[in-house]
Amino acid sequence: MLVIPVDAGMTAYQYGSEKMETTETEVATGCMIRAADLRVSDTCSISDFGADPQAGPVVNTRAVNAALKHVEQVGGGTVTVPAGRYEVYTVQLRSRVNIYMCEGAVLAAARTDIRHGICDVQGERFTQEGQGGNYLEPDINPYVGIQDHAHSYLRNCLIWGDRIHDAMISGPGLLDGSWIDSEGNRHEALSYSDPRNPDSRFKPGYREEWFGNKGIALFRSTRVVLSGFKFLAGGHFAIIATDTSDLLCDSLLIDTNRDGIDLDSVTDVTVRRCQVNSPHDDGIVVKASMGAQRFAPTSNVLIEDCEVSGYDVGSVLAGSPSVDRVACHPGINPIGRVKLGTEATCGYERVTIRRVSFRHCFGLAVEACDGSDVRHVLIEDIDMKDVTCPLFIRTGDRARYPVTGLDGNDAVAVDGDVRLDQPEWVLPNTKGLDLYPIRRFVPSYNTNEVRLADGNLVELVDEQNPTRVNPSNWMRGPDGADHPIRYDSGQGIYGPDMGKALTPADKESMGNAVGAARCARAVDVRVRGLNATDLDPRYPIILAGCLDGRLQDIHLENIHLEFRGGLSLDDAVEQRQITTQWLCKEGDWPTVRQPVQWMAERHNRADEALLPRVRWDQQSSGWLDDPFNVPEDVTQYPEPVQFGILPASALYARHMDDFYLSGLSVDYQVPDSRPTMVLDDVRKGRLKAVDAGRNARLIRVSDVWKRPTGFEYVRNERYMETGVEDLVIPPEMDVEDVNLVSPEPGTPPDDLYPYPNRADAASGYTYTTRLTGPSRLPSTVHPPYFQAQQIYRIRPGERLDITVSVRNPGIEADLEEGLVSARHLPAGASFDGHICTWIPTEPGRWVLEFMLDWSGMRFFQQVRVEVRKG
């Protein structure tokens, strides 16, 4: 492995200090601004400038923007939006101007109308003859490609705030990014997807045409309040704040088709009393991308007293949360979580999350995989129900980080430069852009498609030719030898680093240059008080550092977990892929057929995690189970699903220093035979007060087959030894030591380990468990569920019939009658297993409860009935 020395001029924040100290976590204080600071009397209404529910979006857009500009020019004030539905394109916020959304007021995103009223968006042609309108043209961001498209370009949104201050949007009204066709089906007006990237970094962010795909976008703004309103179907982001400070999001209800609230390169932000439902993406997200068009870390973010969920889009806003879409794109469970990271190039610190409820969603994620650290995260008083993974803390080396290329080529993706993979992360070496010289090199891998024993195809590293060679990353020196390139700040170009002559083996691991000096770390993360019930059995708490980007100073206190259970170590060995199709409908959105994944979930471009976890036995010339040999998967998009079925039922941790766990209790609805906890390369710490029942087991993993982060598949790369050290474990815990005796699955054979390591169809491996047919699908993964019920309002003497329906994703049909029972029925009510009938005699309020017993699990539904006089 070749390492480039770090320049002395690097910032301490960017790369962190190597000395870590355990201190009390820094608590975020959030914003200083309050809604009361910005409230002023009404100045005018949008109606005064010609806005009208009957007018077209072009007329309404001009009217609203004229009202806002007028109020700014007179020194500030409040513009009201009266009751009615006003279709608009981009509304431009102004400093010292408030927008008040009255009860019944709707600012609705108009459908994009290009080329004389016709636009092709996502394969559907929509017509609005004579409108001729569109959202603002996407901006220019030379740092495009280092983050997702929508983070780079913000102007093509419904409400745009560019360098504004002292502004507020408030009131009980609605922002609506959808429209309904003549048959009553709802569609996106603000698109889920993005326009195409430009071919040049110095062109606006689209090719040929663009469309609106964001709700509220703020850029380099300060002292902004978003309070009280509702948002339906906000596109890629309902709210995104980039390079913004002193922001308050308070008492919002967001029910959206992708991300809810994204906080990107922000400081001093509070999100309080917000309810965010976002099944297809994240709910509340903290990021630090290059969307700010500069290196801008995030700090001091407070998220408190909120609820996030992944119910069907629109159902929370309608008051009846439903779960008919049991899987979302690309077939994984509904997301809807609180997440820190992924777009984290610049790093983030001092984030506090407290008193947040999670319902029917992915859970809580803290991630640092893009070259900068996460530090000082406090999470406390968290309540979860029906979540996929209760806690996911992950570091990796995706290294989505800018690196300066060889010349001034301004193409968004340059072939033949310093990166073979993700060439869009390479910046032109030109004036006007920040400089990110090469700090180190990592391998690029060749892959090919391989068939597993069950017929599934996966993409794996090529055994015969695993690495891709990139000649752009070295130069011939005057001594006739090849040397790695190194940036010469005096000349402003790359030249040979004469301090290191390259061998052919060195060149094998130099496919990609990286601008970050090392892997990111997660430092000082504390979780105090987490109660999680009805958990997906596939994903325990996952604390996954990487060998060279470790988790440090991680504290978990007072954690209660209740898993649905039902899995075994055989499942962790075989990594079975089972997909069914599910016909579902999210409220008034069109019916869709959605893949549902039942066990190991396909997630990444390379799929070593989907290989059976077995090792080759020379004596028997066959495969032996090796469930604790979990692939590192350091370069892929971080998600709990990336590790497949883990060998721990409650907690899996590896590559971590200073781990303190106090007060863990674990329950299972049905038995799970996997060990309770697995610790792999955990150094120093203490476990105490662990209660996981009679079958509690702790596995300590030691390994002599670890390679540097990202170099796992480089032939003849040196191996290292890891293990569990200096960890105090309660004497009552059943502890077992496991020694791994082979590299991780998928590692190409070489001189150091010449044996087979890929259990595919060609190797003769066969699965022993049978998971085919509806009766054999693990019902604890996708259990049956009650269909949503409304609140029933009737009068005394009227007959009420409540149909109680349960759907089962495992058989794609309603359950047969007789499996549901009723509890707490009012006097005179009857239930035949499917329909509850009742004729109330007096006013009042009742809660009727129904129960389903299924495979050892119990599920409940409460139905509210209000009986009113007269």
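Values in this document were obtained by computation on a predicted structure and should not be read as measured data. (Residues numbered from 1 in each chain as written. Predicted model: local features only at pLDDT ≥ 70, side-chain atom pairs only at ≥ 80, totals over all residues. Heavy atoms only, no water.)

Novice: Would you mind going over the overall build of the protein chain in detail, with residue names and values included?
Specialist: Along its length, the protein chain carries 6 helices and 61 strands. Relative to the globule expectation of 29 Å for 870 residues, the C-alpha radius of gyration of the protein chain, 28 Å, shows essentially globular dimensions. In terms of its C-alpha atoms, the protein chain occupies a principal-axis envelope of roughly 90 × 70 × 50 Å. For the protein chain, the proportion of its 870 residues judged to be buried stands at 62%. (Helix = DSSP H or I, 4+ residues; strand = E, 2+ residues; numbered from the N terminus. Rg over C-alpha atoms; globule rule 2.2 N^0.38 Å. Buried < 20%, exposed > 50% of the residue type's maximum accessible area, 1.4 Å probe, protein only.)

Novice: Just give me the short version of unusual backbone geometry, but keep the residues and values in it.
Specialist: You will see that A233, though not glycine, has its phi angle at about 55 degrees, which is positive. Note that A233 resides in the loop between β16 (230-232) and β17 (237-242). When its relative accessible area of 0% is taken as the criterion, A233 is described as buried. Residues other than glycine seldom take positive phi values, yet D386 does so here, at roughly 60 degrees. As for its position among the elements, D386 is in strand β27 (residues 374-395). The partly exposed category is assigned to D386, whose relative accessible area is 24%.

Novice: An account of the sheet that holds strand β54 (residues 800-803) is needed here, citing residue identities and associated values.
Specialist: Strand order in the open sheet made by the 3 strands is β54-β59-β58, with antiparallel pairing throughout. The sheet is open, and its two edges are formed by β54 and β58 (830-831), each paired on a single side. (Pairing = 2+ DSSP bridges.)

Novice: Tell me about the pairing of strand β18 (residues 245-250), and please be specific about residues and values.
Specialist: The buried fraction of β18 amounts to 5 of the 6 residues, a majority that puts the element mostly inside the structure. Judged from the 5 bridges that link them, strand β15 (residues 222-227) and β18 form a sheet pairing that is parallel. When the sheet's bridge partners are listed, S227 is paired in β18 with D250.

Novice: Give a description of the side chain of D397 that names residues and reports values.
Specialist: You can see D397 is positioned in the loop between β27 and β28 (403-404). Among the polar contacts listed, one links the side chain of D397 to the side chain of R440, at a separation of 2.9 Å. The residues touching D397, leaving out its near neighbours within four places in the chain, are C369, R440, V442, C519, V634, T635 and T709. (Polar contact = N/O pair within 3.5 Å; in protein donor to acceptor, adjacent residues only side chain to side chain. Contact = heavy atoms within 4.5 Å.)

Novice: Mind laying out the state of the cysteines, listing which residues take part and the relevant values?
Specialist: Taken as a whole and assessed by the stated rule, the structure comprises 0 disulfides. Here C157 stays free of any disulfide, with the sulfur of C249 as its closest cysteine sulfur at 15 Å. Lacking any disulfide linkage, C361 is separated from the closest cysteine sulfur, that of C389, by 11 Å. C361 gets classed as buried once you look at its relative accessible area, which sits at 1%. (Disulfide = S-S within 2.5 Å.)

Novice: How would you explain the sheet that holds strand β57 (residues 820-823) if you had to name every residue and give the values?
Specialist: An order of β53-β61-β60-β57 is seen for the 4 strands of this open sheet, with the pairing classed as mixed. Of all the strands in the sheet, the pair left with one neighbour each is β53 (792-794) and β57. When the angles between neighbouring strand axes are averaged without regard to direction, this sheet yields 25 degrees. The sheet contact formed by strand β60 (residues 844-854) and strand β61 (residues 857-867) spans 11 bridges and is antiparallel. Each bridged residue has a counterpart across the sheet, and for F850 the counterpart in β61 is Q861. (Axes fitted to C-alpha atoms, helices over the stretch in contact; angles between N-to-C directions.)

Novice: Report on the pairing of strand β47 (residues 677-691), specifying residues and quantitative values.
Specialist: Two strands pair when backbone bridges link them, and strand β46 (residues 651-668) and β47 are joined in this way by 12 bridges, in the parallel orientation. Within the sheet, the bridge partner assigned to M656 lies in β47 and is V682. Bridge count between β47 and strand β48 (residues 697-706): 4 bridges; the pairing is parallel. Counted as the bridge partner of D680 is V701 from β48. Here β47 runs beside strand β50 (residues 725-728); their pairing, made up of 3 bridges, is parallel. Across the sheet, the residue bridging to G685 is L727, located in β50.

Novice: Requested: an account of the packing of aromatic side chains, with residues and values cited.
Specialist: Considering all chains together, one arrives at 14 aromatic pairs under this definition. Judged by centre distance (5.1 Å) and plane angle (80 degrees), the rings of W616 and W623 are edge-to-face. Of the two residues, W616 and W623, both sit in the buried class. Here the aromatic cluster, defined as three or more aromatic residues joined through ring pairs, consists of W705, Y719, Y753 and Y755. Positioned over the ring face of W179 is R111, at 3.8 Å from the centre of the ring. In this structure, R258 is placed above the aromatic ring of Y192, and the distance from its NZ or CZ to the ring centre is 4.6 Å. (Phe/Tyr/Trp six-rings, centres within 6.5 Å; stacked < 30°, edge-to-face > 60°. Lys NZ or Arg CZ within 6 Å of the ring centre and 35° of its normal.)

Novice: If you had to explain the side chain of N257 to someone new, which residues and values would you point to?
Specialist: Its location among the elements puts N257 in the loop between β19 (253-255) and β20 (259-264). Residue class for N257 comes out buried when judged on its relative accessible area of 3%. A polar atom in the side chain of N257 sits 3.3 Å from the side chain of E188. Engagement of the side chain of N257 in a polar contact is seen with the backbone nitrogen of G235, the distance being 3.1 Å. Setting aside anything within four residues of it in sequence, one finds N257 in contact with E188, L190, Y192, A233, G234, G235, H280 and V313.

Novice: How would you sum up helix α3 (residues 57-73)? Please name residues and give values.
Specialist: With 17 residues, α3 should cover 24 Å at 1.5 Å per step; its first-to-last C-alpha distance of 24 Å lies within 8% of that length. Looking at α3, one finds that the buried residues are P57, V58, N60, T61, A63, V64, N65, A67, L68 and V71. The inward-facing, buried residues of α3 abut β1 (42-45), β2 (77-81), β3 (84-88), β4 (91-92) and β5 (97-101). Just beyond α3, the residue with positive phi is G75, at close to 105 degrees. (Expected span 1.5 Å × (residues − 1).)

Novice: Before we move on, can you summarise the environment of D726 with the specific residues and values?
Specialist: Relative to the helices and strands, D726 resides in strand β50. Each C-alpha atom of the pair D726 and A692 lies 23 Å from the other, and the pair is 34 residues apart in sequence. When near neighbours in sequence (up to four residues on either side) are disregarded, D726 contacts K684 and G685.

Novice: Any details on the confidence of the model for the protein chain? Residues and values, ideally.
Specialist: Caution applies to low-pLDDT parts of the model: their predicted coordinates are not meant to be read in detail. Summing up the model confidence of the protein chain, the mean pLDDT is 91 and the portion of residues at 70 or higher is 93%. Within the model, the stretch residues 2-22 combines pLDDT values under 50 with 54 contacts to residues more than four positions away or in other chains. Low pLDDT, under 50, characterises residues 115-130; the predicted model gives this stretch 34 contacts beyond four residues in sequence or across chains. (pLDDT = per-residue confidence, 0-100.)

Novice: Quick one: what's the story with the environment of N695, residue by residue and with numbers?
Specialist: Looking at the secondary structure, you find N695 in the loop between β47 and β48. Classification of N695 by relative accessible area gives exposed; the value is 66%.

Novice: Outline the pattern of salt bridges, listing residues and values.
Specialist: Overall, the coordinates contain 64 salt bridges when judged by the stated rule. Put simply, R521 and D373 hold a salt bridge, and the shortest N to O gap is 3.6 Å. Of the two residues, R521 sits in the loop between β38 (512-514) and β39 (522-535) while D373 sits in the loop between β26 (348-368) and β27, which places them 148 residues apart along the sequence. Close ionic contact of D397 with R440 constitutes a salt bridge, the shortest N to O distance being 2.9 Å. In this pair, D397 is assigned in the loop between β27 and β28 and R440 in strand β30 (residues 440-442), connecting sequence segments 43 residues apart. For the pair D397 and R440, a shared accessibility class is recorded, and that class is buried. Here the residues in one salt-bridge network are R272, E304, D305, R354 and R355, joined through shared partners. (Salt bridge = Lys/Arg side-chain N within 4 Å of Asp/Glu carboxyl O.)

Novice: Run through the environment of R325, naming residues and quoting values.
Specialist: Relative to the assigned elements, R325 resides in the loop between β24 (298-309) and β25 (338-340). Between the alpha carbons of R325 and G310 there is a distance of 9.5 Å; along the sequence they are 15 residues apart. Of note is the side chain of R325, whose polar atom sits 3.2 Å from the side chain of E586.

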